[in-house]
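# Notes for the structure review
Single-letter residue listing:
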Amino acid sequence: MIGVQVNGDSEMVPRIPLTAQAFAKLAENAQDVKDRDIHPSSVAIGSRTVINRAGKWVGDTTGLRGPTGPAGPQGSTGSAGPIGPRGALGATGARGATGPQGSTGSAGPIG
């Protein structure tokens, strides 16, 4: 209870009960969970669900990816794969020029 007295007058009546206010209760609840994990079944921001009941992120991904990191070291070269099938036979090329005519042989005996 709280009592009020002004300028030496007697204490005013009735005395007023002093109780915890809503914000004080909220602060007390926050203190209770500050060092503990919370386990909601889903998370929403406003009316938009960002983590569904399965624990999967379903919200907007804009801004969630950081800059690309440095490239890792080059890996070793793998073994050679099998030889592929033989390709199709190409087109026949142009015919070359005719060569010079050979000498004429001597005629054999007639008879």
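Residues numbered from 1 in each chain as written. Predicted model: local features only at pLDDT ≥ 70, side-chain atom pairs only at ≥ 80, totals over all residues. Heavy atoms only, no water.

### Examining the overall build of the chain
A tally of regular secondary structure across the chain gives one helix and two strands. Start at the N end of the chain and walk to the C end: the helices and strands fall as α-β-β. Per-residue burial over the chain gives 2% buried out of 111 residues. Taking all contacts inside the chain whose residues are at least 6 apart in sequence as the whole, residues at least 24 apart take part in 0%. With an accessible surface of roughly 11300 Å², the chain has 56% of that area assigned to carbon and sulfur atoms. (Helix = DSSP H or I, 4+ residues; strand = E, 2+ residues; numbered from the N terminus. Buried < 20%, exposed > 50% of the residue type's maximum accessible area, 1.4 Å probe, protein only. Contact = heavy atoms within 4.5 Å. Areas by Shrake-Rupley, 256 points an atom, 1.4 Å probe, with all protein chains shown as cover.)

### Things to note about the pattern of salt bridges
Across all of its chains, the model carries one salt bridge by this definition. A salt bridge links Glu11 to Arg15, with the nearest nitrogen and oxygen atoms 2.6 Å apart. The partly exposed category is assigned to Glu11, whose relative accessible area is 35%. (Salt bridge = Lys/Arg side-chain N within 4 Å of Asp/Glu carboxyl O.)

### Quick notes on the environment of Pro40
Note on placement: Pro40 falls in the loop between helix 1 (22-33) and strand 1 (43-45). Residue Pro40 is classed as partly exposed on the basis of its relative accessible area of 48%.

### Brief notes about unusual backbone geometry
Of the consecutive residues Val13 and Pro14, the connecting peptide bond is found in the cis state with omega at 0 degrees. Note on placement: Pro14 falls in the segment before helix 1. Even without being a glycine, Asn7 presents a positive backbone phi close to 45 degrees. Turning to its location among the elements, Asn7 is positioned in the segment before helix 1. You can call Asn7 exposed: its relative accessible area is 76%.

### So, a nonpolar patch on the surface
Taken together, the side chains of Ile2, Ile16 and Leu18 define a hydrophobic patch exposed on the protein surface, amounting to about 310 Å² of accessible area. For Leu18, the location among the structural elements is in the segment before helix 1. (Patch = residues over 30% accessible without salt bridge, like charges linked within 9 Å, V, L, I, M, F, W, Y side chains within 5 Å.)

Purely geometric stuff here, so don't read any function into it on its own.
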